[in-house]
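# Fold and contact review
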Amino acid sequence: MSWRSIYNEKLVSLEEAALKVESNDRVFFPPCSAAPIQLMETLADNYKNLENVDLFSALALHPFKFLQSPEYIGHLNYSTVFYGPYERAFYKAGNVNIKVAHLSEFDKCMVDFDPTVLMADVSLPDEEGYMYFGPMGVSSAHIAAEIADTVIVQVNAHQPKVAGTKHRIHVSDVTWICEHDHVLPELPSTQPSEVDQKIADLLIPHIEDGSCLQIGIGGLSNAIGFGLESKKDLSVHTEMFTDSMVYLAKKGVLSGKKVSGFGLGSKELYEYVGEGHVELSPIYEVNQPKAIAENDNFISINACLMTDLTGQVCSESIGFDQYSTTGGQVDYVRGASMSKGGKSFICLASTNTDKVGNVNSTIVTALPKGQVVTTARSDVMYIVTEYGIANLQNKSISERVEALLEIAHPDFREKLRAEAVEVGLLVK
């Protein structure tokens, strides 16, 4: 039987596809631009007929109905391994549960979830009958397809056919197929602040020609990424392929390998990744520290929210309030430290402003109650603010304190030093 005949045999409407989910099912759907938006919303319309269906994904780029109201709890229960803007916006509705895991261990997280159903947005079939998971879906869809009893795909003409490994699925390996075209949701680019630019200006000279990079998202990452256009022969091994990387590639700066767990950003980025320029593989493979360390002169650049005077780094909470999640920061900090000539930089503005307008130091004597340690001080190499770069690798406690005092905001240095002496971090 031809793949086209198989395709037509499995083709159902959105409504019919959604009805394949039964009470007590565990449904994984890929994040961001790989989410089958219309299929998930159709599933949500049937929530009153379902009990205890667990949904699992990450970083929603669509305001799904089941996020917005507590009436879905007990019917469709949502968990995320990466806490994004919509999850944050609707957290108080009570249907966002946060899973804590390094992205290098996402395969273990998926095995523990043990999905019975995969629902994924995929490309139109190629001439052999393969449908592609797209720039985002490669990160996680394949392992879910291996575990799930039922695989339902929503074919979307806008989903690119990407290059990589474990990046596609054949029509014969899915259970049901439905169709709905929608433009992929984009992640808006953040403009760098003045402080972001100052940090970037300090850090960029430490990135040598021929380096292999990992850079994240946000204003600081954009200041660094777009600021590398004078460099030569760069490559990337990164969990996320970004718009700044597309820019560098088109400028000829990013001339080496381009390995990534996913691509997320603008329409231009999706088109570039869809043209086969980037080698995509599941996030739990790309983020393995040993795989990262195979790249000499590896440069890892990440952001954080706060650090204490000994170098404990918080990147995911403000007190007990979750702001982000663990993600891949530790994977890349450790991978860079294992790389020949590797360096990892964790960056933050020296101050923040709280809800009532008070300006506070982001370098503190002790992390506030509830503040999570994302990266242990023994893993940290360099911490960067707009006032300088502190080298903490293999340093003593007192050396760490002195180095971080030097890059704290000048208005807070005297107070921080006094506190460090008071608690015994410094003897004078």
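Residues numbered from 1 in each chain as written. Predicted model: local features only at pLDDT ≥ 70, side-chain atom pairs only at ≥ 80, totals over all residues. Heavy atoms only, no water.

## With respect to the sheet that holds strand S4 (residues 96-98)
Read from one edge of the open sheet, seven strands run S4-S3-S2-S1-S5-S7-S10, paired in parallel fashion. A strand with exactly one partner marks an edge of an open sheet, and here the two such strands are S4 and strand S10 (176-179). On average, each strand axis in the sheet is inclined to that of its neighbour by 25 degrees, with strand direction left out of account. Relative to strand S7 (residues 150-155), strand S5 (residues 117-122) runs parallel, the two being bridged by six bridges. By the bridge assignment, Val 122 is partnered in S7 with Val 155. In this fold helix H3 (residues 37-45) packs onto strand S2 (53-57), strand S3 (76-80), S5, S7 and S10, with an angle of close to 120 degrees to the strand it touches most, S7. Taken strand by strand, helix H6 (residues 106-113) contacts strand S1 (26-28) and S2, and its axis lies near 170 degrees from that of S2. (Pairing = 2+ DSSP bridges. Helix = DSSP H or I, 4+ residues; strand = E, 2+ residues; numbered from the N terminus. Axes fitted to C-alpha atoms, helices over the stretch in contact; angles between N-to-C directions. Contact = heavy atoms within 4.5 Å.)

## Topic: the side chain of Thr 116
In this structure, Thr 116 sits in the loop between H6 and S5. The class for Thr 116 is buried, based on a relative accessible area of 13%. Other than its neighbours up to four places away in sequence, Thr 116 contacts Asp 25, Arg 26, Ala 148, Asp 149 and Thr 150. (Buried < 20%, exposed > 50% of the residue type's maximum accessible area, 1.4 Å probe, protein only.)

## Describing the environment of Asn 222
Its location among the elements puts Asn 222 in helix H10 (residues 219-225). Residues Asn 222 and Thr 242 lie 20 residues apart in sequence; the distance between their C-alpha atoms is 8.8 Å. Among residues more than four places away in sequence, those in contact with Asn 222 are Ser 189, Thr 190, Pro 192, Gly 227 and Ser 244.

## Here we look at the state of the cysteines
Summed over the entire model, instances satisfying the criterion amount to zero disulfides. No disulfide involves Cys 109; its sulfur sits 16 Å from the nearest other cysteine sulfur, which is in Cys 32. Unpaired in this structure, Cys 178 has its nearest cysteine sulfur neighbour in Cys 32, at a distance of 20 Å. Given the relative accessible area of 0%, Cys 178 is considered buried. (Disulfide = S-S within 2.5 Å.)

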